[in-house]
Amino acid sequence: MYITVLKSKIHRAVVTGANLNYVGSITIDEDLLEKADILPNEKVHIVNINNGARLETYTIKGRRNSGTVCLNGAAARLVQPGDTIIVISYVIMEKREAMQFSPKIVFVDSFNKINNIAQEEV
């Protein structure tokens, strides 16, 4: 049996932009993507803490160490610059493997600079 579990997340990132006229996706600072083990073009779930909006999109690599977190396309209607979001990635694995797996959580400050990286305990 396979199940879908949390792989990693960027916790409490601050939205730096919302570009309605872009094709789609979320642009995220390359360093944040790497530290959270999220690939460019990977499907992610976005949760807006300010208004409760939830959406799925894919990632685009932003300039390294820029702190960029920009929602593009239709997703730009669900966020405002300054909103706090959680970026969540998932993985599908066998239940046996999932029982031993620890997700990676990247905590950021109000400038989207990394405060801490934690492996959630199983």
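## Quick look at the overall build of the protein chain
Here is step 1: Counting its regular elements, the protein chain contains 2 helices and 9 strands.
Here is step 2: In the protein chain, the succession of helices and strands from N to C terminus is β-β-β-α-β-β-β-β-α-β-β.
Here is step 3: Its C-alpha atoms give the protein chain a radius of gyration of 14 Å, within 12% of the compact-globule value 14 Å for 122 residues.
Here is step 4: Principal-axis analysis of the C-alpha atoms gives the protein chain an extent of 45 × 30 × 25 Å.
Here is step 5: If you take every contact in the protein chain between residues at least 6 apart in sequence, the share linking residues at least 24 apart comes to 77%.
Here is step 6: Split by element, the accessible area of the protein chain, about 6800 Å² in all, is 51% carbon and sulfur.
Here is step 7: Separation between the mean location of the 14 positive side-chain charges and that of the 13 negative ones in the protein chain comes to 3 Å.

## Focus: the sheet that holds strand β3 (residues 25-29)
Here is step 1: As summarised here, the arrangement of the 9 strands in space is β2-β6-β3-β5-β4-β7-β1-β8-β9, forming an open sheet in which the pairing is mixed. At either margin of the open sheet sits one strand with a lone partner, and together these are β2 (17-19) and β9 (114-119). The average angle at which neighbouring strand axes cross in this sheet is 30°, direction not considered.
Here is step 2: Alignment of strand β4 (residues 43-48) against strand β7 (residues 84-94), held across 4 bridges, turns out to be antiparallel. Within the sheet, the bridge partner assigned to V47 lies in β7 and is I86.

## Focus: the side chain of N48
Here is step 1: Topologically, N48 is positioned in strand β4.
Here is step 2: A polar side-chain atom of N48 sits 2.8 Å from the main-chain amide nitrogen of N50.
Here is step 3: Separated by 3.4 Å, the side chain of N48 and the backbone nitrogen of N51 make a polar contact.
Here is step 4: When near neighbours in sequence (up to four residues on either side) are disregarded, N48 contacts A53, L78, V79, D83, T84 and I85.

## Topic: the pattern of salt bridges
Here is step 1: A full pass over the atoms with the stated rule returns 7 salt bridges.
Here is step 2: With a shortest N-O distance of 2.8 Å, K7 and E42 are connected by a salt bridge. With K7 in strand β1 (residues 2-14) and E42 in the loop between α1 (30-35) and β4, the pair connects residues that are 35 residues apart, well separated along the chain. Residue K7 shares its accessibility class with E42, and that shared class is buried.
Here is step 3: Put simply, E34 and R64 hold a salt bridge, and the shortest N to O gap is 2.7 Å. Of this pair, E34 sits in helix α1 while R64 is found in the loop between β5 (54-62) and β6 (69-72), placing the two residues 30 residues apart along the sequence.
Here is step 4: With relative accessibility at 45%, the residue E34 sits in the partly exposed group.
Here is step 5: A residue is classified by how much of its surface remains accessible, and R64, at 33% relative accessible area, is partly exposed.
Here is step 6: Among the charged side chains, a salt-bridge network with shared partners connects E30, D31, E34, K35, K61 and R64.

Rules used throughout
Residues numbered from 1 in each chain as written. Predicted model: local features only at pLDDT ≥ 70, side-chain atom pairs only at ≥ 80, totals over all residues. Heavy atoms only, no water. Helix = DSSP H or I, 4+ residues; strand = E, 2+ residues; numbered from the N terminus. Rg over C-alpha atoms; globule rule 2.2 N^0.38 Å. Contact = heavy atoms within 4.5 Å. Areas by Shrake-Rupley, 256 points an atom, 1.4 Å probe, with all protein chains shown as cover. Lys, Arg positive; Asp, Glu negative; His and termini not counted. Charge placed at Lys NZ, Arg CZ, Asp CG, Glu CD. Pairing = 2+ DSSP bridges. Axes fitted to C-alpha atoms, helices over the stretch in contact; angles between N-to-C directions. Polar contact = N/O pair within 3.5 Å; in protein donor to acceptor, adjacent residues only side chain to side chain. Salt bridge = Lys/Arg side-chain N within 4 Å of Asp/Glu carboxyl O. Buried < 20%, exposed > 50% of the residue type's maximum accessible area, 1.4 Å probe, protein only.

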